[in-house]
Amino acid sequence: MKKRIIFALTCAVAMALPVFDAQAEVDKHARNLAGSCAACHGTNGSNKSGMPILAGMDKALFVTALKEFKSGARPATVMQHHAKGYTDEEFELLADFFAAQKISKKH
Amino acid sequence: MSINRRDFLKMTVAGIAVGAFPGIAIAGSELLKKKGQRVVIVGGGFGGATAAKYIRDWSKNKIEVVLIERNAMFISCPMSNTVLGGSRTINDLTRSYDALKKKHGVKLVQGEVTAIDPEKQTVMLANGHLSYDRLIVAPGVDFMFDQIEGLDAKVADTSIPHAWKAGTQTVALRKQMESMVDGGVFAISIPKAPYRCPPGPYERACQVAHYLKNNKPKSKVLILDANPDITSKKGLFMAAWNELYPGMVEYRPNAAVLKVDVAGKIAKTEFDDVKADVLNIIPPMKAGAVASMAGVVGADGRWCAVDFITYESKVHKNIHVIGDAVAAALPKSGHMATSQAKICAAAVVEMLQGKSPDQNPAIVNTCYSMVSNTEAVHVANVFRFNTEKQAMVSADGGGVSGKRSAEEGAFANFWLNTILDDVLG
């Protein structure tokens, strides 16, 4: 019985693999979108310059901040110009990407 | 002299090579033994250096990257106007390529490309050649000295610097300004758009005025603009000139300089002869010479048409073009070059792995201009790929600063440090 459950789980994992692959492709689009942010926020969202660090940022905080930049609720010098250029779906993609990054001490 | 069989074979091979791509012979031996997939990048500026780093990182170091650059050190053109204003030295803007080599395994070749054979996928240098699977041409701009009578590369190097590539000419222009008499005229000539760094000449006027105000307050800055109006951040620059440097900056639109009297320091436009104490002629520009060698320059003889999903040339397969050399409604800026480089790097990695590149790229440009030693203004835009137009189109919501501020001045400094770490760190 136990063996059968393990076998079933293995199958489920195996069947789920293509989904993970598709996920990896989506991540590359997110990674490419995030590439443009690096000029100010550093490679993969880490910097030592004094700009806000996006690596490891809580997803909800990230999405809220960008939505507020977009609506004008949160005052900014430059971020409103960027936030207005992206869709809410892209905010989610970027948030997932940056939440998954570790802060690099080197940058 | 007798010809042995081996020499005969060599000659035959050379003969076939010339036949395949007339005028280009494969020079010398392969400089670096090619084992796996190789990308050669020509030009180690903002675009080329970024592509080198990101191809290594995004291929998990599986793709070999050879970066060919003529200079030993990287000097940032962005923020180099502040060397004129005095808040930075050229050393502050100079970085090494060491981290690209040591941390990312990029192979750096310091040298000049002499020819490119797109059919045999080979780049020629003086001492040998490099073959490639994909080539990225990131040549920046060259100057069209022939458009202004009396001007040439030597004149620019010795007496009328353009200082539109940061380095020795930037320092030379600063020195000319330092030796200028109080009450003198510093004239800046701006070419018709498109040119590298649209707001750059107006920022330069601010930086020169900042120096003159504090050191030679009777002096003037005269802007001779070939364009019908200020091409970037107009309101912000005019406010800076009027409020920070009242009476010091004179702006003349539709004033293309056609001829220069080098000895007399006179710039001649269609209407006027302008005598200056320091003459700074920024000539019209085109894609750097390497783009011509690769045969990827468009019918206009200036810029290179690319596919915006991959930055692959519209002329030759397996050759990509990034940065200022690209023909597009995109600003020719350092940040833009890095944004393009990343999309190109991602596509090159995908294509070499037999996968489809990202079909929906969106990229960003953020450009700060220092209007004094502390205050800055910006323009920022998102650009998205438009399938119908097959072009990059500015998204809604982009724009410029509400007003100049020291806060943005601090951000501009952060931006410089961060982008240099992103490109070279």
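What counts and what doesn't
- Residues numbered from 1 in each chain as written.
- Chains lettered and ligands numbered in written order.
- Predicted model: local features only at pLDDT ≥ 70, side-chain atom pairs only at ≥ 80, totals over all residues.
- Heavy atoms only, no water.
- pLDDT = per-residue confidence, 0-100.
- Contact = heavy atoms within 4.5 Å.
- Buried area = accessible area lost by both parts, 1.4 Å probe.
- Salt bridge = Lys/Arg side-chain N within 4 Å of Asp/Glu carboxyl O.
- Helix = DSSP H or I, 4+ residues; strand = E, 2+ residues; numbered from the N terminus.
- Expected span 1.5 Å × (residues − 1).
- Buried < 20%, exposed > 50% of the residue type's maximum accessible area, 1.4 Å probe, protein only.
- Domains from an automatic or database assignment.
- Nonpolar A, V, L, I, M, F, W, Y, C, P; charged D, E, K, R; others polar.
- Pairing = 2+ DSSP bridges.
- Axes fitted to C-alpha atoms, helices over the stretch in contact; angles between N-to-C directions.
- Polar contact = N/O pair within 3.5 Å; in protein donor to acceptor, adjacent residues only side chain to side chain.
- Left-handed = near helix turned anticlockwise from the far one by under 90°.
- Phe/Tyr/Trp six-rings, centres within 6.5 Å; stacked < 30°, edge-to-face > 60°.

Asks: Run through the confidence of the model for chain B, naming residues and quoting values.
Replies: Across chain B, the average pLDDT comes to 94, with 95% of residues at 70 or higher. Throughout residues 1–20 of chain B the model reports pLDDT below 50, and contacts reaching past four residues in sequence, or to other chains, amount to seven contacts.

Asks: Account for the interface of chain A and chain B, with residues named and values stated.
Replies: The interface is formed by 29 residues belonging to chain A together with 41 residues belonging to chain B. Across the chain A to chain B interface the summed buried area is about 2,900 Å²; carbon plus sulfur atoms make up 53%. The largest share of the area that chain A buries against chain B comes from Ala39, Thr77 and His81 of chain A, three residues that together contribute 20% of it. Counting the contacts that link chain A with chain B gives three salt bridges. Two residues, Glu350 of chain B and Lys28 of chain A, come together in a salt bridge whose shortest N-O distance is 3.0 Å.

Asks: I'd like to hear about helix H7 (residues 200–215) of chain B, residue by residue, with values.
Replies: For H7 of chain B, which comprises 16 residues, the first-to-last C-alpha distance of 22 Å matches the rise-based estimate of 22 Å (1.5 Å per residue) to within 8%. For H7 of chain B, the tally of buried residues reaches 13 of 16 residues, placing the bulk of the element in the interior.

Asks: Tell me about the confidence of the model for chain A, and please be specific about residues and values.
Replies: Low pLDDT marks stretches whose predicted atomic positions should not be read closely. All names here are of chain A. For chain A, the average pLDDT comes to 83, and 74% of its residues sit at 70 or higher. In the model of chain A, helix H1 (residues 2–35) stands out as the element of lowest mean pLDDT, 58, in contrast to helix H3 (residues 59–71), which has the highest, 98. Within the model, pLDDT remains below 50 along residues 1–26, and this stretch shows one contact once partners closer than five positions in the same chain are excluded.

Asks: Give me the domain arrangement of chain B: which residues, what numbers.
Replies: All names here are of chain B. In terms of domain boundaries, chain B breaks down into domain 1 (38–143 + 287–357) and domain 2 (150–283). For domain 1 versus domain 2, the separation of C-alpha centres amounts to 30 Å. The partner domain 2 presents 23 residues to the 19 residues of domain 1 that form the contact. Here domain 1 packs against domain 2, burying approximately 1,900 Å² in sum over the two surfaces, 63% of which is carbon and sulfur. Three residues, Asn81, Leu84 and Phe143, lead the burial of domain 1 against domain 2; their summed loss comes to 39% of the area buried on that side. Seen at the junction of domain 1 and domain 2, the total is two salt bridges. For Asp142, the salt bridge identified is with Lys165, shortest N-O distance 3.7 Å. Elements supplying a minimum of two residues to the side of domain 1 that touches domain 2: helix H3 (81–85) and strand E10 (141–143). At five residues, the largest contribution of residues to the side of domain 1 that touches domain 2 is made by H3. Its residues assigned to classes, the side of domain 1 that touches domain 2 shows eight nonpolar, seven polar and four charged.

Asks: If you had to explain the sheet that holds strand E8 (residues 128–131) of chain B to someone new, which residues and values would you point to?
Replies: All names here are of chain B. With respect to topology, three strands assemble into an open sheet ordered E6-E7-E8, the strand pairing being antiparallel. The outermost strands of the open sheet, each flanked by one partner alone, are strand E6 (113–117) and E8. Neighbouring strand axes in the sheet, compared pairwise and without regard to direction, differ in orientation by 20 degrees on average. Bridge analysis of strand E7 (residues 122–125) against E8 gives four bridges, and the strand direction is antiparallel. By the bridge assignment for E8, Thr122 is matched with Ser131.

Asks: Go over the side chain of Asn81 of chain B with me, naming the residues and quoting the values.
Replies: Residues and elements named next belong to chain B. By the secondary structure assignment, Asn81 is in helix H3. Within polar-contact distance, the side chain of Asn81 engages the backbone oxygen of Gly200 at 3.0 Å. The contact partners of Asn81, leaving out residues within four places of it in the chain, are Gly200, Glu203, Arg204 and Gln207.

Asks: Give a detailed account of the pattern of salt bridges, specifying residues and quantitative values.
Replies: All names here are of chain B. Under the defined criterion, the tally for this structure stands at 27 salt bridges over all chains. Across the salt bridge formed by Lys234 and Asp229, the nearest N and O atoms sit 3.0 Å from each other. Assessed through its relative accessible area of 36%, Lys234 is described here as partly exposed. A salt bridge links Arg404 to Glu375; the nearest nitrogen and oxygen atoms lie 3.2 Å apart. A residue pair is termed long-range when its members are at least 10 positions apart, and Arg404 in the loop between strand E23 (399–400) and helix H11 (406–424) and Glu375 in the loop between strand E20 (362–370) and strand E21 (376–386) qualify at 29 residues. Considered together, Arg404 and Glu375 belong to a single accessibility category, that of buried residues. Here the residues in one salt-bridge network are Glu30, Arg38, Glu64 and Lys107, joined through shared partners.

Asks: Before we move on, could you go through the packing of helix H2 (residues 46–58) of chain B against helix H10 (residues 334–352) of chain B and cite the residues and values that matter?
Replies: Residues and elements named next belong to chain B. Two numbers describe how H2 lies on H10: the axes approach to 8 Å, and their chain directions differ by 35 degrees. H2 and H10 meet at a crossing whose hand is right-handed. Of the residues in H10, those in contact with Phe46, Gly47, Thr50, Ala51, Tyr54, Ile55 and Trp58 of H2 are Gly334, Ala337, Thr338, Ala341, Lys342, Ala345, Ala346, Val348 and Val349. Among the residues making up the contact of H2 with H10, the classes are represented as 11 nonpolar, four polar and one charged.

Asks: Explain the packing of aromatic side chains to me, and be specific about the residues and the numbers.
Replies: Residue and element names in this part refer to chain A. Tallying each qualifying case throughout the model produces 13 aromatic pairs over all chains. Residues Phe62 and Phe98 carry aromatic rings whose centres are separated by 5.8 Å and whose planes lie at 35 degrees to one another, so their mutual orientation is tilted. Residue Phe62 is located in helix H3, and its partner Phe98 is located in helix H5 (residues 88–99); the two are separated by 36 residues in the primary sequence. By relative accessible area, Phe98 is classed as buried at 2%. Centre to centre, the rings of Phe97 and Phe98 are 5.4 Å apart; their planes meet at 75 degrees, and the pair counts as edge-to-face. We note that Phe97, like Phe98, is buried.

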